[in-house]
Amino acid sequence: LLPKNLAAPSSVENKAFYAQLEVDVTEKLRVSAEVRSQTDTISTSGTSTVTALGTVFTRPLNITQEFESVLPRFTANYNINSDLMIYGVAAKGNKPGGVNTGVYSAIYTDAQVAEFERLSLVNFKEEEIWSYELGFKSEWYDKRLLVNAAAFYIDWTNQQLTTTIAVPATGRRDNVLGSLAFNTNAGQSEIKGLELNVVSKPMDWLELRLGYALQDTQIVSFINDDQADLYITAADIA
C-alpha cells in the first residue's frame, strides 16, 4: 500500500535458483524432486507528500526488505500398464510477502510511525500453500475412452488480508480520526476436492466430454476485527 503522491514507485527484484532430479526407480516407477530457492527484494524510495487543511506534510522514504523462500515439489508416477498410470504430487507454493509503505505516510508523526513499527505493521509475511494430489490417468478401448481423476488437499497458511485501524493524523481537527489500511497475515484455510474428466469418442465423427469438480473450502482460523464483527454472535461468545 503506497502513500499518496509517492515520487518514485516501489521496485521488486526476484533472484531464484531452480534444480530438478528425476530417477526411474523401476521400469514402471518414476520419481522426481524439484526445488526453487528465491529471494524477493522490495524497495521504495522517494517522498510521501500529503496536504491537510492547507498544510503540506512530507516524509522521505527509503525502505528495503528481503523475503526468502524455498519451494520443493515431489512427484511419483507408476505405470500399471500402457493404458493406466497412477500418480502423486506434493508441492509448496507461495505468494511473496511485502511492505506496508502506507505506515510511513507524511500525515503521521514520527511518534506514530514508531508505534506502527512497534506493532509490527510494516511487513507482512508470505502466504504459503502445501498442496497434495493423488490421481490416475487412463485410456480404454483403443483410446476411444479417456478417464482421468484426482483428489487433492491444500493447506493454506499466512493468508494476506487487508485491514484498517483508526488513528489520529497530523493536520486533522480535534477528535477527528484518520484511517490506516495495511496488509496483515490473518488467516488459515483448508481446501479439499475431487476432479473427474471423461472423454469418449464412440464414433470418428462424435466426441463426448464430461467434467466434474467438487471443492470443500474451510476457513480454519482468522484474526481480523472486521470479520469478527460480521461473523461472531453473542451466542458464540457465550
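Refer to the structure above for everything that follows.
J.: Any chance you could break down the packing of aromatic side chains for me, citing the residues and the numbers?
T.: Inspection of every chain in the model, using the stated rule, returns three aromatic pairs. Here tyrosine 132 and tyrosine 153 contribute two aromatic rings whose centre-to-centre distance is 6.2 Å and whose plane-to-plane angle is 25 degrees, an arrangement assigned as stacked. On the criterion of sequence distance, the pair formed by tyrosine 132 in strand β7 (residues 127-140) and tyrosine 153 in strand β8 (residues 145-168) is long-range, its members being 21 residues apart. For tyrosine 153, a relative accessible area of 27% puts it in the partly exposed group.

J.: Give a description of a nonpolar patch on the surface that names residues and reports values.
T.: A cluster of nonpolar residues, Leu194, Leu196, Leu210, Tyr212 and Leu214, forms a patch on the protein surface that exposes about 460 Å² of accessible area. Looking at the nonpolar patch, the elements with two or more residues in it are β9 (177-203) and β10 (206-222). The element that contributes the greatest number of residues to the nonpolar patch is β10, accounting for three residues. Exposure remark for leucine 210: the relative accessible area of 48% places this residue in the partly exposed category.

J.: Before we move on, can you summarise the environment of alanine 186 with the specific residues and values?
T.: Within the secondary structure layout, alanine 186 lies in strand β9. Once the C-alpha coordinates of alanine 186 and serine 221 are considered, the two residues, 35 residues apart in sequence, prove to be 8.1 Å apart.

J.: Please set out the pattern of salt bridges residue by residue, giving values where relevant.
T.: On inspection of all chains with the given rule, the structure shows eight salt bridges. As a salt-bridge pair, arginine 30 and aspartate 24 come within 2.7 Å of each other at their nearest N and O atoms. A salt bridge links arginine 118 to glutamate 115; the shortest N-O distance between them is 2.7 Å. Placement of both arginine 118 and glutamate 115 in helix α1 (residues 110-118) is noted, with a separation of three residues, approximately one turn of the helix. Judged by relative accessible area, arginine 118 falls into the exposed class, the value being 57%.

J.: Explain α1 to me, using residue names and the numbers behind them.
T.: Listed in full, the buried residues belonging to α1 are Gln112, Val113 and Phe116. Down the axis of α1, the smallest arc covering the buried residues is 100 degrees, so these residues share one side. What points out from α1, more than 90 degrees from its buried face, is the exposed set Asp110, Ala111 and Arg118. With its phi angle positive at about 60 degrees, serine 120 sits one or two positions after the end of α1.

J.: Please set out the pairing of β8 residue by residue, giving values where relevant.
T.: Both faces of the sheet carry side chains from a regular strand, because those side chains alternate between them. With 13 bridges connecting them, β7 and β8 associate as antiparallel partners. Counted as the bridge partner of tryptophan 130 is aspartate 155 from β8. The antiparallel pairing of β7 with β8 creates a hairpin that spans four residues between the two strands, and tyrosine 141 there sits at a positive phi of about 50 degrees.

J.: Lay out the side chain of asparagine 183 in plain terms, naming residues and giving numbers.
T.: Examined against the element boundaries, asparagine 183 turns out to sit in strand β9. With a relative accessible area of 17%, asparagine 183 lands in the buried category. Within the local environment of asparagine 183, its side chain forms a polar contact with the side chain of threonine 162, the two groups lying 2.8 Å apart.

J.: Run through the pairing of strand β4 (residues 84-95), naming residues and quoting values.
T.: As paired strands, strand β3 (residues 55-81) and β4 are joined by eight bridges and run antiparallel to one another. When the bridges of β4 are listed, asparagine 81 appears paired with leucine 84. Taken together, β3 and the strand that follows it, β4, pair antiparallel across an intervening segment of two residues. As judged from the twelve bridges shared by β4 and β7, these two strands associate in the antiparallel manner. Bridge assignment links lysine 95 to a residue of β7, and that residue is glutamate 127.

Rules of the game
- Each chain has its residues counted from 1, following the order in which its sequence is written.
- In keeping with the model being predicted, local features are shown solely for residues with a pLDDT of at least 70 and side-chain atom pairs are shown and tallied solely at 80 or more, while totals for entire chains, interfaces and linings include all residues.
- The basis for every side-chain value is the complete set of heavy atoms in the structure, and neither hydrogens nor water enter the calculation.
- Under the pairing criterion, centres of Phe, Tyr and Trp rings, with the six-membered ring standing for Trp, must be within 6.5 Å; the plane angle then separates stacked pairs below 30 degrees from edge-to-face pairs above 60, leaving the rest tilted.
- Going along the chain from the N terminus, every DSSP run of H or I of four or more residues is numbered as a helix, and every run of E of two or more is numbered as a strand.
- Type-normalised accessible area, obtained with a 1.4 Å probe on protein chains alone, sets the label of each residue: buried when under 20%, exposed when over 50%, and partly exposed for intermediate values.
- Residues enter patches when they are more than 30% accessible in relative terms and free of salt bridges; like-charged ones are connected within 9 Å and nonpolar ones (Val, Leu, Ile, Met, Phe, Trp, Tyr) within 5 Å.
- Methods summary: accessible areas were calculated by the Shrake-Rupley approach with a probe of 1.4 Å, and residue burial reflects only the protein chains presented.
- A carboxyl oxygen of Asp or Glu within 4 Å of a side-chain nitrogen of Lys or Arg is what we treat as a salt bridge.
- Relevant arc is that of directions from the helix axis to the C-beta atoms, nothing else.
- We treat two strands as partners when DSSP finds at least two bridges between them.
- Under the rule applied, a polar contact is a pair of N or O atoms within 3.5 Å (in protein, one hydrogen donor and one hydrogen acceptor; residues adjacent in sequence only if both atoms are side-chain atoms).

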